[in-house]
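# Survey of secondary and tertiary structure
These are the residues of each chain, in order.
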Amino acid sequence: MSAPATLTKKDFQTDQEVRWCPGCGDYAILSAVQAVFPELGIPREKFVIVSGIGCSSRFPYYMNTYGFHTIHGRAPAVATGLKLARPELEVWIATGDGDALSIGGNHLIHTLRRNVGVKILLFNNRIYGLTKGQYSPTSEVGKRTKSTPYGSIDYPFNALSVAIGTGATFVARSIDVFQAHLKETLKAAAAHHGTAFVEIYQNCNIFNDKAFAHLTEKEVRDDALVYLQHGRPLVFGKAKDRGVRLNGTELEVVRFADGFGPDDCLVWDETRSNPAIAFMVAQMEPPRFPVPIGVLRRVEMPTFESGVAAQTEQEIGRKGVGSLDKLLHSGDLWTVRPDGSIA
Amino acid sequence: MTLPTVESDNRLSREVEHERLDDVVIRFAGDSGDGMQVTGSQFTNTSALHGNDLATFPDFPAEIRAPAGTLPGVSAFQVRIADYDIHTPGDQPDVLVAMNPAALAVNLQDLKPNGILIVNTDEFEERNLKKAGYAANPLEDRSLESYRVFQVPLATLTRRALEGSELDAKSIERCKNFFALGMAYWLFSRPLEPTLRYLDKKFGARPQLADANAVVMRAGWNYCDITEAFHTRYEVEPARLAPGVYRNITGNAALALGFIAASRKSGLPLFQGAYPITPASDLLHELAQFRHFGVTTFQAEDEIAAICAAIGAAFGGALAITSTSGPGMALKGEAMGLAVMTELPLVVVDIQRGGPSTGLPTKTEQADLLQAIFGRNSEAPMPVIAASSPADCFERAYEACRIAVRHMTPVVLLSDGYLANGSEPWRLPDLGALADLPVEFWSDPEGFAPFRRDPESLARPWAIPGTPGLEHRIGGLEKQDGSGNVSYDAANHERMVHTRAEKVARVARELPPLEVHGEPEGGPLLVLGWGSTAGAITGAVNLARREGLPVSRAHLHHLNPFPANLGAVLDRFDQVLIPELNLGQLALLVQARYPKRVVSFPKVQGKPFFRNEVLAKIRELLGGGSR
């Protein structure tokens, strides 16, 4: 069956009651994904959403596609097996900061380094929601939670840095409430052949409310964020009066009032093969820097599954499709004849 | 250098005695770097082609190269060849080849009284003697008087044979195992050709190495021929095996072929997720060669990813397996539960080894039985089957796949280090005679529900992504029977727990009944075994019956569920003896399920049972004498 020409958002909604807390950022992400999928021109039955454990990982139940709600942290591993077995499927992973960066950290980095052709949507709310509010590997130092009553001590992961460090071929960030930006980012991820890693800042209004308010509130966001746009200089600020430039081996924010202009700023190139600058930009955090959103890195490399398929084809080309009978009869054989003699 | 041609008896340079043996056990023992595994394998292969029945027991340390000359560094390969149907690699060697003092120290205790002991005297100098814990040189202190000792300076003779060779000293030294092999070939009247062929193939790119080893092997053969040391050559005639085409095969290689056969027969591509672990890695190495059979092997980042990838592949419609050993299966536990919950077909192969924890990685044990049956959170039933010999691994791999896809369930397949590395002649199966393995993916949206069940097998439909109109979600949360929607309903949960248990229990309906050998109508003693103890038990029971002892045996390949007639079989015997390489795990299960009291006979030394250990126990239980 070919794709119905007119898949709509509704086609991707299930009849299951969505059970996230009212006001959760996950609704916005669900809505964006349901809006983007029909625009991709892919038959619905080709989509598979794979998730781990956590609030974000209930995602597959609310998408009318194939779905697999697996176990904590393991979605990338399940998705890898599925993609290897069925490269023609569109495999998307829904995961969270605890699922992907804590218990599932190993699978995340290895999926990224292999460049498996799956999309990873990491809902980062900097908290454990489903277990009712413990700090996560992306929580800021000093975070007071039920498990860290005196404040957390360990330094957080920067999810984008982790991804870039693995050699990921597509790395992006967006925010739940920026629907237009999120949809564009998802579309860019969908178009990528290798692993597409998208960190989505997501508000948990119950256990970590307003974690990203400093980036999303109307009055502050233009000063707090810098949009990475391919081919454009890193200019930001409500009045577009600041930018990020590369000064020697360091990034710095420059004010145009001080005599700098857009021409002095770093021109964003998401296709740089050297990940060093993307890594530096990923590290930009307040108060010194605006927070980058958009596509940090987009480079083409052969996918894992295409490499496997190519080897299979090559071996079939060299040896022909294997014969089971020949395989069993390989090695040193001898025959016991009915009279007991050996040949 | 031209290869020497192969001699036949009439070209011996002197008169020697010929003695016919029905059965002989030879153990090659040396340092891990001495090539004992290759030596043993070559002797095995040559004997297989000669038509002997045989069984092997490679026994090597966990360290790749423990410090040279030390006790922990000793590696051994035992092979038993016979002119009749045998079941074990033998309890005690008739011939021991000891390449150094450590090998002698570790292995001498097993050598039969008056057995042949060939020692490499070159290694018996003070430093090596000390490393092996000898205060005095055993070659000089008469401590070996009860054996027929042949002192041979193997390294010296090897060097002499290769005088003028362009090989460096180290490469020359490395050929000395082939001197020992040549000697063994002379002693047991074996041809050299199979090994010469092997050398050509193995060292095709470096013919000087092939030549050197061939020359040294020939020198070993000549040494026996011309020195007066040996007065007797031994013959072991071909065994009377059932007619057919045979090859020698290890358990891990047989598993690989069984899985490929299941893939072919079902029409499903084979997917293996694995992480390297002893002694299961060879299954990964084997299958990795078979891309042209549509086999995909995935070396994952860890044990958990290995099974999870296999589960993902199963969701996608592949014939999925994951292979590991005990520590790895412990890591896979949660994912096995996911496969139970989502009712996806999957085979989890556990090649058991000594434990707990890292334990004895290269030694054998059967102590993962309870882990296989129960080792998951909550009620997570899985069929568990076990292979009983290296060749049987083929059939069990095939059967595991068949149960998995027929019942839409993960299956545990148990093997162990002894089966994995051990080998025996395998009569190639008639592919047409293999049981059918039909698989049909669900395709009709009409009436589809992810958890509607086949009334007979209770299997749910296998509906794979990409099928229009069947979009559905599965996962680890409890599901409503039928619809597959997430459900926390109390009654539904209880129904689902019972259904999953019943589904596995129904596997028993399709199992062959447990067969009793000996006295099927019942008697005073049944020896009940499972897994790799089959050989030792069969050998012991056969001997005991020859002594007139009224003992019977039965062997379980299916540990969960048990064959339906197990309870009835147990009832027919006064006593039931269960030898197993653990502290009595099958005994525990049997006694939990049936009113029968059993006699547990545990052994946990990282070694298989000796036939005589089981025989002694049988004699003890039956009053020690013949009827």
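Once a new chain begins, its residue numbering starts again from 1 and follows that chain's sequence as written. Chain letters and ligand numbers both follow the written order, the letters beginning at A and the numbers at 1. Where local features are concerned, this predicted model is filtered to residues with pLDDT of at least 70; where side-chain atom pairs are given and counted, the filter is 80 or more; whole-chain, interface and lining totals use all residues. Only hydrogens and water are set aside when side-chain values are computed; all heavy atoms of the structure are taken into account.

## Considering the overall build of chain B
Counting secondary structure elements, chain B contains 20 helices and 22 strands. Radius of gyration: C-alpha atoms only; globule rule: 2.2 Å multiplied by the number of residues to the exponent 0.38. The globule rule puts the C-alpha radius of gyration for 627 residues at 25 Å, and the 27 Å found for chain B is close to it. In terms of its C-alpha atoms, chain B occupies a principal-axis envelope of roughly 85 × 60 × 50 Å. For chain B, with 627 residues in total, the buried portion stands at 64%. Each accessible area value is a Shrake-Rupley result obtained with a 1.4 Å probe; residue values ignore everything except the protein chains displayed when judging cover. On chain B, roughly 23,200 Å² of surface is accessible, and the fraction owed to carbon and sulfur atoms is 50%. His is not counted, nor are the chain ends, whereas Lys and Arg count as positive and Asp and Glu as negative. Every charge is mapped to an atom, namely NZ of Lys, CZ of Arg, CG of Asp or CD of Glu. Counting 60 positive and 74 negative side-chain charges, chain B places the averaged centre of each group 1 Å from the other. Secondary structure elements follow DSSP: runs of H or I no shorter than four residues count as helices, runs of E no shorter than two count as strands, and numbering proceeds from the N terminus. Here the term buried applies to any residue with accessible area under 20% of the maximum for its type, exposed to any over 50%, and partly exposed to those in between, with areas from a 1.4 Å probe on protein chains only.

## Some points on the overall build of chain A
From N to C terminus, chain A includes eleven helices and twelve strands. When the backbone C-alpha atoms are referred to their principal axes, chain A occupies close to 100 × 50 × 50 Å. Classification of the 343 residues of chain A by burial places 55% in the buried group. Residues count as neighbours in contact if any of their non-hydrogen atoms are within 4.5 Å of one another. For chain A, the share of sequence-separated contacts (at least 6 apart) that also reach a separation of at least 24 residues comes to 65%. With an accessible surface of roughly 14,500 Å², chain A has 53% of that area assigned to carbon and sulfur atoms. Of the side-chain charges in chain A, 37 are positive and 36 negative, and the distance between the mean point of each set is 2 Å.

## Side note on the interface of chain B and chain A
The interface of chain B with chain A comprises 71 residues on the first partner and 61 residues on the second. Throughout, buried area stands for the accessible area (probe radius 1.4 Å) lost by two parts on being put together, summed over both. The junction of chain B with chain A conceals about 5,500 Å² of combined surface from both sides, 64% of it contributed by carbon and sulfur atoms. For chain B, the biggest contributors to the area lost against chain A are Arg291, His292 and Arg473 of chain B; these three give 14% of the whole. For this document, the term salt bridge refers to a Lys or Arg side-chain nitrogen within 4 Å of an Asp or Glu carboxyl oxygen. The interface formed by chain B and chain A includes two salt bridges. Put simply, glutamate 301 of chain B and arginine 114 of chain A hold a salt bridge, and the shortest N to O gap is 2.8 Å. Whenever two N or O atoms come within 3.5 Å, that pair is a polar contact, provided that in protein one can donate a hydrogen and the other can accept it, and provided that, for residues adjacent in sequence, both atoms are side-chain atoms. Between the two partners, chain B and chain A, sit 28 residue pairs in polar contact (both at pLDDT 80 or more). Listing elements by their share of the side of chain B that touches chain A, those giving two or more residues are helix 1 (36–50), strand 9 (244–250), helix 9 (251–266), strand 11 (296–299), helix 11 (303–315), helix 12 (326–342), strand 16 (423–427) and strand 17 (473–475) of chain B. Broken down by element, the side of chain B that touches chain A gets its largest block of residues, eight residues, from helix 11 of chain B. Looking at chain direction, strand 12 (residues 333–336) of chain A and strand 9 of chain B are connected through four bridges and run antiparallel. For two strands to count as paired, DSSP must find a minimum of two bridges between them.

## Thoughts on the domain arrangement of chain B
Residue and element names in this part refer to chain B. The split into domains, and so the bounds of each, comes from an automatic or database assignment of domains. Here chain B is described as being made up of domain 1 (9–236), domain 2 (247–433) and domain 3 (523–621). At the junction of the two partners, domain 1 supplies 15 residues and domain 2 supplies ten residues. When domain 1 packs against domain 2, close to 960 Å² is buried across both sides, 58% of that on carbon and sulfur atoms. The interface formed by domain 1 and domain 2 holds one salt bridge in total.

## Considerations on the sheet that holds strand 2 (residues 23–31) of chain B
Pairing between the strands of a sheet comes from backbone hydrogen bonds, and it takes one of two forms, parallel or antiparallel. Residues and elements named next belong to chain B. Strand order in this open sheet of six strands is 3-4-2-5-6-7, and the pairing throughout is mixed. Two strands lie at the open edges of the sheet, namely strand 3 (53–59) and strand 7 (148–152), each paired on one side alone. Mean inter-strand twist for the sheet, computed between neighbouring axes without regard to direction, equals 15 degrees. Examined bridge by bridge, strand 2 and strand 5 (residues 95–98) share four bridges and lie parallel to one another. The partner of alanine 29 across the bridge, within strand 5, is alanine 98. Helix axes use the C-alpha atoms of the stretch in contact, all axes being lines fitted to C-alpha atoms, and the angles between their N-to-C directions lie in the range 0 to 180 degrees.

## Here we look at the nonpolar core
Ranked by internal contacts, the top residues of the largest apolar core, which has 164 residues, are Val50, Phe197 and Val281 of chain A together with Phe259, Leu528, Leu559 and Leu586 of chain B. Here this core gets eleven residues from one element, more than from any other, and that element is helix 11 of chain B. Mapping this core onto the domain boundaries places at least three of its residues in each of domain 2 (247–433) and domain 3 (523–621) of chain B. In this view, leucine 528 of chain B contacts Leu514, Ala554, Leu556, Leu566, Leu570, Val576, Leu577, Ile578, Pro579, Leu586 and Val590 of chain B; residues no more than four positions away in its chain are not counted. Buried residues of nine kinds, namely Ala, Val, Leu, Ile, Met, Phe, Trp, Tyr and Cys, make up a nonpolar core once their side-chain atoms join them within 4.5 Å. Core analysis: the next-biggest nonpolar cluster, separate from the first, contains 60 residues, Met36, Phe150, Met183 and Ala219 of chain B among them.

## Points about the packing of aromatic side chains
Pairs were defined over the aromatic rings of Phe, Tyr and Trp, the Trp ring being its six-membered one, requiring ring centres within 6.5 Å. Orientation was assigned from the angle between planes: stacked under 30 degrees, edge-to-face over 60, tilted for the rest. Scanning all chains against the criterion turns up 27 aromatic pairs over all chains. When the ring of phenylalanine 59 of chain A is compared with that of phenylalanine 123 of chain A, the centres are 5.6 Å apart and the planes differ by 85 degrees; the resulting orientation is edge-to-face. One end of the pair, phenylalanine 59 of chain A, is in the loop between strand 1 (47–51) and strand 2 (66–69); the other, phenylalanine 123 of chain A, is in strand 4 (residues 118–124), with 64 residues separating them in the sequence. Just as phenylalanine 59 of chain A is buried, phenylalanine 123 of chain A falls in that class too. A centroid spacing of 4.1 Å and a plane angle of 25 degrees characterise the contact between phenylalanine 150 of chain B and phenylalanine 230 of chain B, whose relative ring orientation is stacked.

## So, the sheet that holds strand 7 (residues 225–228) of chain A
Strand order across the open sheet formed by nine strands is 7(A)-11(A)-5(A)-6(A)-4(A)-3(A)-1(A)-2(A)-17(B), with mixed pairing between neighbours. Every other strand in the sheet has two partners, leaving strand 7 of chain A together with strand 17 of chain B as the edge strands with one partner each. Averaged over all pairs of adjacent strands, the angle between strand axes in this sheet comes to 20 degrees, irrespective of strand direction. One ladder, built from four bridges, connects strand 7 of chain A with strand 11 (residues 291–298) of chain A; its direction is parallel. Note that in strand 11 of chain A the partner of tyrosine 227 of chain A across the bridge is isoleucine 293 of chain A. Along the sheet face, helix 4 (residues 105–114) of chain A touches strand 4 and strand 6 (196–201) of chain A and points at about 140 degrees away from the line of strand 4 of chain A.

## Looking at the packing of helix 1 of chain B against helix 7 (residues 193–202) of chain B
Residues and elements named next belong to chain B. Where helix 1 meets helix 7, the axes come as close as 9 Å, and the angle between the chain directions of the two elements is 125 degrees. Relative to helix 7, helix 1 is oriented oblique. The element helix 1 and its partner helix 7 pack so that their crossing is right-handed. On the side of helix 1, the interface is formed by Val38, Gln42, Thr46 and Leu49, while helix 7 contributes Pro194, Thr195, Arg197 and Tyr198. Only Asp, Glu, Lys and Arg are considered charged in this grouping, and only Ala, Val, Leu, Ile, Met, Phe, Trp, Tyr, Cys and Pro are considered nonpolar; every other residue, Gly among them, is considered polar. Per-class residue counts for the contact of helix 1 with helix 7 are four nonpolar, three polar and one charged. Orientation categories follow fixed angle ranges, with anything under 35 degrees roughly parallel, anything over 145 roughly antiparallel, 65 to 115 roughly perpendicular, and all other angles oblique. By convention, the crossing between two helices is left-handed when the near helix turns anticlockwise from the far helix through less than a right angle, and right-handed when the turn is clockwise.

## Brief notes about the packing of helix 1 of chain B against helix 6 (residues 176–187) of chain B
All names here are of chain B. Remark: helix 1 packs on helix 6, axes separated minimally by 9 Å, with the N-to-C direction vectors making an angle of 25 degrees. Between helix 1 and helix 6, the crossing angle belongs to the class labelled roughly parallel. Relative to helix 6, helix 1 is oriented so that their crossing is right-handed. Of helix 6, the residues touching helix 1 (which contributes Met36, Val38, Thr39, Gln42, Phe43 and Thr46) are Asn177, Phe178, Leu181, Ala184 and Tyr185. Tallied by class, residues from the contact of helix 1 with helix 6 come to seven nonpolar, four polar and no charged.

## What about the environment of leucine 234 of chain A?
Residue and element names in this part refer to chain A. Along the chain, leucine 234 turns up in the loop between strand 7 and strand 8 (235–236). A relative accessible area of 0% places leucine 234 in the buried class. Filtering out sequence-adjacent residues up to four positions away, leucine 234 remains in contact with Val226, Tyr227, Leu228, Arg242, Gly243, Val244, Cys265, Leu266, Trp268 and Val281.

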